[in-house]
Amino acid sequence: MKSFGGPVLFLDRTDINTDEIIPARYLTEISREALGPHLLEDLKLEGFDPKGDAIRNARVIVARRNFGCGSSREHAPWALEANGITAVIAPSFARIFRQNMFNGGLLALELPETAVDLLFQFRKEQAEISFDLEGQRLTIAAGGHQEEIAFSLAGFDRTLVEAEGWLGFAAARY
Amino acid sequence: MALTLVEKIFNSHLRDEPFPGTKVLDLDVVMCHEITTPIAINDLMARGLDRVFDASKIKVVIDHVTPAKDSKTAQQAKILRDWARRQRIHDFFDVGRNGVCHALFPEKGFIRPGFTVIMGDSHTCTHGAFGAFAAGVGTTDLEVGLLKGVCAFREPRTLRIHVSGTLPEHTYAKDVILKVIQTLTVNGATDRVIEFGGPVVEAMSMESRMTLCNMAVEAGGTSGVCMPDMTTVKYLWPFVEKEYESPEAALQDFSQWRSDEGCRYEQELQIDVTDLEPMVTDDFKPDQVRPVSEMEGRPVDQVYIGSCTNGRLEDLRVAAKFLEGQTIAPSVRGILSPATPKIFRDAEDEGLIRIFLDSGFCVTNPTCGACLGMSNGVLAPGEVCAATTNRNFNGRMGKGGMVHLMSPATAAATALRGVITDPRKL
């Protein structure tokens, strides 16, 4: 299983698309690592610097609904993982992006809007999230405060995270 | 029990249900292009799994950047080309025979009603126009599809859109789907299939139905679907005539892949198009759609006609009607990319290519290129493009550039005036 948890990058916008996560001009790369420096390069968001420390330190992204819409490019999860980001939390995801995350053994966690709002309350300080996958709860902590939030990770999603992706599972089963 | 088309396809193709709600389907067609497949090929090779489940079910094209523009794209094409040869994939389309995947593969008769289809490309939903379940997937799903001929899905629910009324002059399938996306929003159809029906859809050509289904993903949809009917049979007849005694017999067979009377849709929407205006996107999301009357007069630097959405023969005919005997505005760069070699040739035979050239358009080979800002018409920062494509994301056609999505009619009218123009006023 991959490792999950650490400093959080908050992206306070809905409908962040895969062109923003990794622009098409980098789709000519044939190695996943080459995508790393270009993560979120085209995202225009107040206070966000795609070349800043926040993105380099981040291990978790917290965003608004419909994260990862648009193109099917798995380059989007790869660009995240190349930067050490193995988990994204949002109220909802575009179908293909969500599946691509789990297919690579990464976490795309859907939480209710209210829970995501609660996470965003920690954005002023350097927040960290830790995951207890067994207990299906996460803890966000910043500036001496912390909150616990329950989530659900079961069935196929859980299996893919434990198997580090769909290929190993499918190659053995079919 | 009365079932939807998608329920029928899921039931008939179900290989496994490893967890409740996760359905692993057998695949009829796995399609590949040079952007998302080479990494899958390299990964399979690295794992010692360099093989395919059934070469006859794999369709391969180089379409996104073709002919190659630099060493990297040449390398992507080469990986795909070498692999297709190694795996003895017969249906491989290289330079000279290649075109935009979602226009080329239907034209070759590869998609049939009731099929399951995947590709590492979000606009795979286009093929639902034939009554197939066709879904865009990522590279890992593609790898498993190539290797094992299966793909896992959460079974999507069906959202039915009943399109009624009469399409006014100078409005088209593109205007209908932009209206639908405006109504549903960019995630209104997530984990759902959009079923398009009603008299307006029944009267549409296969090309127009493909335009509708192509943009289902812009509302989050897994696939768009239309019910197979005599229009479907006629389109596919050259490919199926040996399998059926008559078109009527084919229709009877295809009709098993229609949603049953009384089936249960998750949601049903009615759209009356009688008063529909030509529609144009504003800003950077495909649900930010306005009637052309609210967008008129905005200057554009480039007009692009092409793509898997609107690069087909009927689109070229519509645009050429506006361009015939006219010259595009000197401030505008007009680019036409017919979506396939056949479309290019047919347009040539009909005199359409000459009309585009005489009006001042540049006519390029079939490719996806400009639509996603990879080649063949990339925008500079601050530039604006009127495009018949499918995505107006910030920077989609080039960093810092803006895209307004519209029909070929509105795009042609806009090319003539150099500003967004209502085609009804020309």
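**Focus: the overall build of chain B**
When its secondary structure is counted, chain B shows 15 helices and 19 strands. In terms of overall dimensions, chain B is globule-like: its C-alpha atoms have a radius of gyration of 21 Å, near the 22 Å expected for 426 residues. For chain B, the C-alpha atoms occupy an extent of roughly 60 × 55 × 40 Å along the three principal directions. Here chain B holds 426 residues, and the buried ones make up 65% of them. In chain B, once contacts between residues fewer than 6 apart in sequence are set aside, the share between residues at least 24 apart is 75%. For chain B, the accessible surface area stands at approximately 14,700 Å², while carbon and sulfur atoms represent 48% of it. Side-chain charges of chain B comprise 45 positive and 55 negative groups, with the mean position of each set lying 5 Å from the other.

**Remarks on the overall build of chain A**
Per the secondary structure count, chain A includes seven helices and seven strands. Secondary structure elements of chain A occur, N-terminal to C-terminal, as β-α-α-β-α-β-α-β-α-β-β-β-α-α. In summary, chain A has a C-alpha radius of gyration of 15 Å against a globular reference of 16 Å for 174 residues, a match within 12%. Per-residue burial over chain A gives 63% buried out of 174 residues. Intrachain contacts of chain A at a sequence separation of at least 6 include 64% that bridge at least 24 residues.

**A few points about unusual backbone geometry**
Of all residues except glycine, most have a negative phi; of all peptide bonds, most are trans. Cis peptide bonds are those with omega within 30 degrees of zero, and the linkage from B:Thr66 to B:Pro67 qualifies with -10°. By secondary structure assignment, the location of B:Pro67 is in the loop between β4 (58–61) and α3 (71–86). Positioned with a positive phi, A:Gln136 is a non-glycine residue whose angle comes to about 50°. In this structure, A:Gln136 sits in the loop between β5 (128–132) and β6 (137–142).

**A few points about the interface of chain B and chain A**
Contact residues are listed per partner, giving 51 residues for chain B and 42 residues for chain A. Across the chain B/chain A interface, buried area totals approximately 4,000 Å², and carbon plus sulfur atoms make up 57% of it. Inspection of the chain B/chain A interface yields five salt bridges. The partner of B:Lys285 in a salt bridge is A:Asp15, with the nearest N and O atoms 2.7 Å apart. Across the chain B-chain A interface, the total number found is 19 residue pairs in polar contact (both at pLDDT 80 or more). Contributing elements (two or more residues each) for the side of chain B that touches chain A: β1 (14–19), β2 (22–26), α2 (37–46), α3, β7 (133–136), α5 (139–148) and β8 (150–154) of chain B.

**Quick look at the environment of A:Glu33**
Residue and element names in this part refer to chain A. Position of glutamate 33 relative to the elements: it lies in the loop between α1 (18–21) and α2 (53–57). With a relative accessible area of 60%, glutamate 33 lands in the exposed category. The sequence separation of glutamate 33 and glutamate 81 amounts to 48 residues, and the corresponding C-alpha distance is 8.8 Å.

**Some points on the pairing of β8(B)**
Residues and elements named next belong to chain B. Among the five residues that make up β8, four are buried, leaving the element largely enclosed by the rest of the structure. Of the strand pairs in this sheet, β2 and β8 are connected by five bridges, and their pairing is antiparallel. If you follow valine 24 over to β8, its bridge partner there is alanine 152.

**Comments concerning the packing of helix α3 (residues 75–82) of chain A against helix α4 (residues 95–103) of chain A**
Residues and elements named next belong to chain A. α4 packs onto α3 with a crossing angle of 50° between their chain directions and a minimal axis gap of 9 Å. With respect to each other, α3 and α4 are oriented oblique. The two elements α3 and α4 cross, and the hand of that crossing is right-handed. Residues Ala76, Pro77 and Leu80 of α3 lie in contact with α4, whose contacting residues are Phe97, Asn100 and Met101. Residues belonging to the contact of α3 with α4 are distributed by class as follows: five nonpolar, one polar and no charged.

**Observations regarding the sheet that holds strand β6 (residues 116–119) of chain B**
Residues and elements named next belong to chain B. Spatial ordering of the open sheet is given by β5-β4-β3-β6-β7, a layout of five strands whose pairing is parallel. Only two strands of the sheet have a single neighbouring strand rather than two, namely β5 (92–93) and β7. With three bridges connecting them, strand β3 (residues 29–32) and β4 associate as parallel partners. The partner of valine 30 across the bridge, within β4, is isoleucine 58.

**Brief notes about the nonpolar core**
Counting residues in each nonpolar core, the largest one holds 72 residues, and the members touching the most others are A:Leu11, A:Phe67 and A:Phe131. Not counting chain neighbours up to four residues away, the residues in contact with A:Phe67 comprise A:Leu11, A:Ile16, A:Ile21, A:Ile61, A:Val88, A:Ala90, A:Ser92, A:Phe93, A:Ala94 and A:Phe97. Core analysis: the second largest hydrophobic core is formed by 62 residues, B:Val117, B:Leu184, B:Val201 and B:Ala216 among them.

**Some remarks on the state of the cysteines**
Residue and element names in this part refer to chain B. All told, the structure shown has zero disulfides over all chains when counted by the stated rule. Considering cysteine sulfurs only, cysteine 368 is the nearest to cysteine 101, which forms no disulfide, with 5.3 Å between them. We note that cysteine 151 lacks a disulfide partner, and the nearest cysteine sulfur, in cysteine 32, lies 13 Å from it.

**Here's the deal with the pattern of salt bridges**
Counting across every chain of the model gives 44 salt bridges over all chains. Across the pair B:Arg290 and B:Glu294 runs a salt bridge, and its minimum N-O distance is 3.1 Å. The class of B:Arg290 is partly exposed, set by a relative accessible area of 25%. For B:Glu294, a relative accessible area of 45% translates into the label partly exposed. One connected set of salt bridges, linked through shared partners, spans A:Arg25, A:Glu41, A:Asp42, A:Lys51 and B:Lys399.

**Looking at the sheet that holds strand β4 (residues 107–110) of chain A**
Residue and element names in this part refer to chain A. The sheet built from seven strands is open, its strands ordered β4-β3-β2-β1-β5-β6-β7 with mixed pairing. With one partner strand each, in any of the chains shown, β4 and β7 (145–150) form the two edges of the open sheet. Between one strand axis and the next, the sheet turns through 25° on average, direction left out of account. Inspection of the sheet shows β6 paired to β7 by six bridges, in the antiparallel sense.

**Overview of the domain arrangement of chain B**
Residue and element names in this part refer to chain B. For chain B, the assigned domains are domain 1 (5–154), domain 2 (157–272) and domain 3 (281–425). Taken together, the contact between domain 1 and domain 2 spans 27 residues of the former and 30 residues of the latter. Together, the buried faces of domain 1 and domain 2 total about 2,300 Å²; carbon and sulfur atoms form 64% of this surface. Counting every contact that joins domain 1 to domain 2 gives three salt bridges. The shortest N-O distance in the salt bridge between arginine 112 and glutamate 243 comes to 3.4 Å. Counting every contact that joins domain 1 to domain 2 gives 12 residue pairs in polar contact (both at pLDDT 80 or more). Counting only elements with at least two residues in the side of domain 1 that touches domain 2, the list comes to α1 (5–13), α4 (101–107) and β7. Considering each element in turn, the side of domain 1 that touches domain 2 owes the most residues, five residues, to α1. Its residues assigned to classes, the side of domain 1 that touches domain 2 comprises 13 nonpolar, nine polar and five charged.

Conventions we followed
- Residues numbered from 1 in each chain as written.
- Chains lettered and ligands numbered in written order.
- Predicted model: local features only at pLDDT ≥ 70, side-chain atom pairs only at ≥ 80, totals over all residues.
- Heavy atoms only, no water.
- Helix = DSSP H or I, 4+ residues; strand = E, 2+ residues; numbered from the N terminus.
- Rg over C-alpha atoms; globule rule 2.2 N^0.38 Å.
- Buried < 20%, exposed > 50% of the residue type's maximum accessible area, 1.4 Å probe, protein only.
- Contact = heavy atoms within 4.5 Å.
- Areas by Shrake-Rupley, 256 points an atom, 1.4 Å probe, with all protein chains shown as cover.
- Lys, Arg positive; Asp, Glu negative; His and termini not counted.
- Charge placed at Lys NZ, Arg CZ, Asp CG, Glu CD.
- Buried area = accessible area lost by both parts, 1.4 Å probe.
- Salt bridge = Lys/Arg side-chain N within 4 Å of Asp/Glu carboxyl O.
- Polar contact = N/O pair within 3.5 Å; in protein donor to acceptor, adjacent residues only side chain to side chain.
- Pairing = 2+ DSSP bridges.
- Axes fitted to C-alpha atoms, helices over the stretch in contact; angles between N-to-C directions.
- Parallel < 35°, antiparallel > 145°, perpendicular 65-115°, else oblique.
- Left-handed = near helix turned anticlockwise from the far one by under 90°.
- Nonpolar A, V, L, I, M, F, W, Y, C, P; charged D, E, K, R; others polar.
- Core = buried A, V, L, I, M, F, W, Y, C linked by side-chain atoms within 4.5 Å.
- Disulfide = S-S within 2.5 Å.
- Domains from an automatic or database assignment.

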